[in-house]
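An overview of the molecular structure
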Amino acid sequence: MVDIPEHLLIRSAEARAKALGITVEQALAEMKGEAEPTVISKEPDVQVIDETPAPVAETPAPVAETPAPATTKKDTPEEVEFAPEVKVTQRLLTVVKAKPIQKPVSEPVDKVNTWPHLMLPEFVSLMAMTAFLILLSAILQAPLLEEANPNVTPNPAKAPWYFLGLQELLSYWDPQIAGVMIPLLLGVVLWMAFPYIDRNPETHPSKRKFAIMFYTFFLAGAGILTIIGVLFRGPGWNWTYPWIDGIWFDDLLDWIHFE
Amino acid sequence: MQKLSFRDKIKEARINASDSFRGGKLMSSIFRPGSPFRKGYVDSPRNRSYVVMNNVLYHLHPVKVKRHGVRLSYTLCLGGLSFFLFIVLTITGIWLMFYFRPTELAYVDIQNLQTSIAFGSLVRNMHRWGAHLMVLVVFLHMSRVFYHGAYKAPREFNWVIGVILLLLTLLLSFTGYLLPWDQLAIWAVTVGGNMAGYTPVIGAQAKFGLFAGLEATTATLLRFYVLHVLFLPFIIVIFMAVHFWRVRKDGGISGPL
């Protein structure tokens, strides 16, 4: 037989002692087989509980009354046999209805098979993009100017095109505002928080005119600033007209020379 | 019994060989049960499902999608193209890594790549224009999602991940901008890095951390190289996985309007 660890024995002895209303030492002795089990003398006690069901639900463990058992047992011996079945050891707190965690949507949706209705157009667009990219790369040469030299500053020094809108903004305002606060607050914080700010559940453009307007203004603003930065800024970040003074945008060097 | 002609015998033998190969141990070990590669493809609703279900793309696509979502005019395939451009950039980028050293030799390496390595110029052009295109396509994808109101509940959080992906795309493009080590690269990055220097409170530290010094040097080149080829792709792939997973968990494509 496997030895039961002492701490587990004590724990179960405590539980047993609490349930039967006896001392822990006695319960321990019973479990080790050194004393007569108390359980038989407890059976009639349950009988008493059965007669008054209402308080049972409230009482966690019936308190043993030592003199009671013998008399009840004598009076109604046949009911005692059924007593263990009605012994209540737990209380009903609440009934939790079985419910799935994710709610299945039962509305019928008009669906089509992914193959071929989605995967074929996808494949065609990937091929088209590959063809476009290869063609573009064959026609347009990526720029490679002279080797990097920290001592020779080009005039103007331009950022990559997607930052040129910011660089343009930088020429109007203080760099702390235009260079950091606007991109950080407007570009990152506001942008990420947008779904949490715009709580209008409508998706149709006619029912969310402000949001559409807001984004379109942003798009137009960013577009105009970027185009100015790319095409209309020359040496000293002065205003130039691309058709008169030329273009200062080395990223499309090959394209500019192509003309 | 009709005697088979030689041509028919050949045909029968070919079909038998093909069947026994497709049903054989090798194909069974490679393809999942029900895969069209094992039992042949005859167009039927069942087989259309099997094509997706027995494919690794099942991680990306469900068996069925909403009808309005497959119209090209709805998404313009912009999300898929963003992902595809990332793959193209990964492939061309790995190819370029064979010929590039992020040291004082970087510029010479690019010159050699363009002049003395087969397809070097083409692959470099593809990598550069593909990167510009990816920034553009990701931005257009974001605009498409905005105009469709596709960021609304329950997709709010996927929009947040999408903005992070856009920022990571910009960072990837920006770090790659320095690598050719020419005048365009170093001064564009200097302009961008100086912008970071205007950050309140930690401006000087941000600039120092970005440049690995006070100005763009070869130490900056190495830093940007590691960010560009390892760190940022690693991060962006994690966010992309969550992004794609959330698209499906949030109920697939949004709409119709």
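What you are looking at is a predicted structure, and each value in this text was computed from that prediction instead of being measured.

**Brief notes about the overall build of chain B**
Within chain B, the regular secondary structure consists of twelve helices and one strand. Against the 2.2 N^0.38 benchmark of 18 Å for 257 residues, chain B shows a C-alpha radius of gyration of 25 Å, more extended than a compact globule. Projected onto the principal axes, the alpha-carbon positions of chain B cover approximately 90 × 55 × 30 Å. Across the 257 residues of chain B, 35% fall into the buried class. Considering only contacts in chain B between residues 6 or more positions apart, those separated by 24 or more positions represent 62%.

**Points about the interface of chain B and chain A**
At the junction of the two partners, chain B supplies 68 residues and chain A supplies 59 residues. For the side of chain B that touches chain A, the element with the most residues is helix H8 (residues 120-147) of chain B, which contributes twelve residues. Grouping the constituent residues of the side of chain B that touches chain A by class yields 43 nonpolar, 15 polar and ten charged. Looking at chain direction, strand S1 (residues 111-113) of chain A and strand S1 (residues 64-66) of chain B are connected through three bridges and run antiparallel.

**Some remarks on the confidence of the model for chain A**
Residues and elements named next belong to chain A. Across chain A, pLDDT averages 79, with 77% of residues at or above 70. Predicted confidence in chain A is weakest over helix H5 (residues 68-75), with a mean pLDDT of 48, and strongest over helix H8 (residues 119-139), with 95. Contacts for the low-pLDDT stretch residues 44-53, under 50 throughout, to residues beyond four places or in other chains number 25 contacts. Every residue in residues 68-74 is under pLDDT 50, and counting partners more than four places away or in other chains gives eleven contacts.

**Focus: unusual backbone geometry**
Both trends apply: most residues other than glycine have a negative phi, and most peptide bonds are in trans. A cis amide bond links Trp-115 of chain A with the next residue in sequence, Pro-116 of chain A, at an omega value of 5 degrees. Locating Pro-116 of chain A in the fold gives a position in helix H7 (residues 114-117). A cis geometry characterises the amide bond from Asn-155 of chain A onward to Pro-156 of chain A, with omega recorded as 0 degrees. Here Pro-156 of chain A is to be found in the loop between H8 and helix H9 (161-170). Unusually for a residue other than glycine, Trp-181 of chain B sits at a positive phi of about 60 degrees. By the element assignment, Trp-181 of chain B lies in the loop between helix H9 (156-178) and helix H10 (183-197).

**Looking at the packing of H10 of chain B against helix H11 (residues 203-211) of chain B**
Residue and element names in this part refer to chain B. Relative to each other, H10 and H11 sit at 150 degrees, their axes nearing to 7 Å. Our classification of the angle between H10 and H11 gives roughly antiparallel. Where H10 approaches H11, its residues Gly-193, Ala-196 and Gly-197 are matched on the opposing element by Gly-203, Ala-204, Ala-206, Lys-207, Leu-210 and Phe-211. Among the residues making up the contact of H10 with H11, the classes are represented as five nonpolar, three polar and one charged.

**Regarding the packing of H9 of chain B against helix H12 (residues 218-249) of chain B**
All names here are of chain B. One way to put it is that H9 packs onto H12 with a least axis distance of 9 Å and a crossing angle of 160 degrees. With respect to their mutual orientation, H9 and H12 come out roughly antiparallel. Considering the relative orientation of H9 and H12, their crossing is left-handed. By residue class, the composition of the contact of H9 with H12 is 18 nonpolar, seven polar and one charged.

**Considerations on the environment of Pro-108 of chain A**
Residues and elements named next belong to chain A. Looking at the element boundaries, Pro-108 is found in the loop between helix H6 (77-80) and S1. With 6 C-beta atoms counted inside 10 Å, the residue Pro-108 sits in the exposed group. For the pair formed by Pro-108 and Leu-133, sequence separation is 25 residues and the distance between their alpha carbons is 41 Å.

The rules we used
Residues numbered from 1 in each chain as written. Chains lettered and ligands numbered in written order. Predicted model: local features only at pLDDT ≥ 70, side-chain atom pairs only at ≥ 80, totals over all residues. Helix = DSSP H or I, 4+ residues; strand = E, 2+ residues; numbered from the N terminus. Rg over C-alpha atoms; globule rule 2.2 N^0.38 Å. Buried ≥ 20, exposed ≤ 12 C-beta atoms within 10 Å, placed from the backbone. Contact = placed C-beta atoms within 7 Å. Nonpolar A, V, L, I, M, F, W, Y, C, P; charged D, E, K, R; others polar. Pairing = 2+ DSSP bridges. pLDDT = per-residue confidence, 0-100. Axes fitted to C-alpha atoms, helices over the stretch in contact; angles between N-to-C directions. Parallel < 35°, antiparallel > 145°, perpendicular 65-115°, else oblique. Left-handed = near helix turned anticlockwise from the far one by under 90°.

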